[in-house]
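# Analysis of the macromolecular model
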Amino acid sequence: MDDTTQRAEREEAAETPAGSGAQDPEGRAAVEGDAAAEGVSEDAATQAQETFDGSGEGNEKAISIPEPAAKAAGAAARAAMGAASTLRAGAFAMRDVRNASRQSASARSQARTIEDALETDRATLAHRNEVESGYDRIVEEQSRIVRESQARISAAQQKTAALDEEHSALVADLDELKASNASELRPYKRLVETSKGGLDDANRTLTEAKRALKVAETQAKEASERRDSQVNSASRSLDNAQARQRKVQDELKHAQATGSPSVGKLQSENVAALAAVTNAKAEVDKAMKDGQNAVENAQTHLWTQNQSVDGAKRAAQDAQGRYAAHKEDYDRRHAAAQAKEAELQERIDEKKRAIDALANELDEAQAALDEAQGLLDEANLIHSTPEETERLVRSIAGQQVDLDEANAEIEHLAESEKQLRLATRGSRLALAAAAIIALAVVVLLVISCTAR
């Protein structure tokens, strides 16, 4: 019980009285602590009242109880009534302190609103006084700026109109020049396309001629190889026939010298061998003649193909020359046309840049005119409405009075709240202590039930 009371007293000691027109952070923390404890305190007061009511009913039934017990019951009833009264007093004190804090906060809010409006009117009045004091100078300067800006705008508009006309004329000239150049270049472009087609045809012809030449070279080589092969084969047959003839002649001479009966047979074989040699010589001559004719035909075809390739090369070279000449002539004419168009395009771009520069100048002059005219209109309005200045003076004076009264009310409410806190300190501490004790009892009951 002592620890709880001491903790409540330390919390109450942290409270600080509100200052002039504002409440410090510690005072606000104390108010918030009062508000937080209010609900618990009211519950505790309600429980105390119920205890007191129950005690009254017990007194009505105490008639049949012995005198010592009756005295004890009476004391308990009086103690319950005192506790209930203390809890109710604490709850009422919490409520009163909270209401006083709210009144102080509301008063400070109203004072801030009045002060903000006062500062706004003071700034407006200062500006009006400044404009009124320099009215002649402002009118002179801003009127001069208006005249100069109007002159700049007029000059820029005239220059822009002239440049727009020149720009449109140059654009039309460029379109006409492009059409004329395209028309003049069209025949030369067709010549280039035609010569390019002729060059492509000549190159294809040359490619085909080279392919035919390779075929002719292969055929000539093959004809020469066939001739050599056939002649070699016929020569080998001739060599074999001559060798056979020489062998038979040698055997015939030997048989004649020895008187062999095979002379007749050998003579017949010698005649046959001589005929074979004659036939082999004829085959050699035929192979050489046929092979040479085939080689000569192949060589003639090869020469013809060589001539075709040479002709195709000359034709391709001629086509290349014509194409190069036509291409060079067209490129030269096209470059000259492009140069003329680029020169005219540069003049168009120059006019466009000048128009853009005038547009920027026109925007700047218009902005200067609008600003000067706005200042001039404001100065004329302030100069022509002195009653508004007087109204602001009266309004500021009235608002100052209201602000002083509001600050006085804030001080009064702060002092009242301070006195109320001091007067209700004991009741609020008792309520806080009762609430803490009740919370501790509940916690102990919960722990006890959980342990069981």
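Per chain, residues are indexed from 1 in the order of the written sequence. Owing to the predicted nature of the model, reporting of local features is limited to residues with pLDDT of at least 70; listing and counting of side-chain atom pairs is limited to 80 or more, with chain, interface and lining totals taken over all residues. Just so you know, side-chain values use all the structure's heavy atoms and leave hydrogens and water out.

## Some words on the nonpolar core
Formally: Put simply, buried Ala, Val, Leu, Ile, Met, Phe, Trp, Tyr and Cys residues joined by side-chain atoms within 4.5 Å make one nonpolar core. Burial here depends on accessible area, computed with a 1.4 Å probe over protein chains only, as a share of the maximum for the residue type. Under 20% is buried, over 50% is exposed, and the range in between is partly exposed. Each helix is a run of H or I in the DSSP string that is no shorter than four residues. Each strand is a run of E no shorter than two, and both are numbered from the N terminus. Whether two residues are in contact is decided by their heavy atoms, any of which lying within 4.5 Å being enough.
Within the largest apolar cluster, 20 residues are counted, with the highest numbers of intra-cluster contacts made by L206, L302 and V309. Counting only elements with at least two residues in this core, the list comes to α4 (135-258) and α5 (263-384). Those residues within four positions of L302 in sequence are excluded, and the remaining contacts are L213, A216, E217 and A220. A107, L125, I410 and L413 belong to the second largest nonpolar core, which has ten residues in total.

## Points about the side chain of T389
Structurally, T389 can be placed in helix α6 (residues 386-423). Apart from residues lying up to four places away in sequence, T389 is in contact with L125, R128 and N129.

## Here's the deal with the side chain of S195
You can see S195 is positioned in helix α4. Beyond its immediate chain neighbours, meaning those up to four positions away, S195 contacts R322, Y323 and H326.

## Details of the pattern of salt bridges
Put simply, the test is: Only one rule defines a salt bridge in this text: a Lys or Arg side-chain nitrogen within 4 Å of an Asp or Glu carboxyl oxygen.
Evaluated as defined, the whole model comprises 15 salt bridges. Put simply, E148 and R144 hold a salt bridge, and the shortest N to O gap is 3.3 Å. Here E148 and its partner R144 are both found in helix α4, four residues apart, which amounts to about one turn of the helix. On the basis of relative accessible area, E148 is assigned to the partly exposed category, the value being 41%. What makes R144 partly exposed here is its relative accessible area of 37%. Within the structure, one salt-bridge network assembled from shared partners comprises D329, R332 and R333.

## Re the packing of α4 against α5
The line we're drawing: Fitted lines through C-alpha atoms serve as axes, helices being fitted only where they are in contact, and the angles separating the N-to-C directions of these axes extend from 0 to 180 degrees. Every angle not falling under 35 degrees, over 145, or within 65 to 115 is termed oblique; those three ranges are roughly parallel, roughly antiparallel and roughly perpendicular. Residue type decides the class: Asp, Glu, Lys and Arg count as charged, Ala, Val, Leu, Ile, Met, Phe, Trp, Tyr, Cys and Pro as nonpolar, and the leftover types, Gly among them, as polar.
Packing of α4 against α5 brings their axes to within 2 Å, and their N-to-C directions diverge by 175°. Our classification of the angle between α4 and α5 gives roughly antiparallel. Of the residues that constitute the contact of α4 with α5, the class distribution is 67 nonpolar, 38 polar and 28 charged.

## A word on a positive patch on the surface
Using the following cut-off: To count toward a patch, a residue needs a relative accessible area over 30% and no salt bridge; like charges are then connected within 9 Å, while nonpolar side chains (Val, Leu, Ile, Met, Phe, Trp, Tyr) are connected within 5 Å. Here the open area of atoms and residues is found with the Shrake-Rupley method and a 1.4 Å probe, where only the protein chains shown may cover a residue. Charge assignment in this entry is limited to Lys and Arg as positive and Asp and Glu as negative, and neither His nor the chain termini are counted. Taken as the charge centre is NZ of Lys, CZ of Arg, CG of Asp or CD of Glu, depending on the residue.
Taken together, the side chains of K210, R211, K214 and K313 present a region of like positive charge at the surface. Here the positive patch takes three residues from α4, the largest share from any one element. Residue placement: K313 occurs in helix α5.

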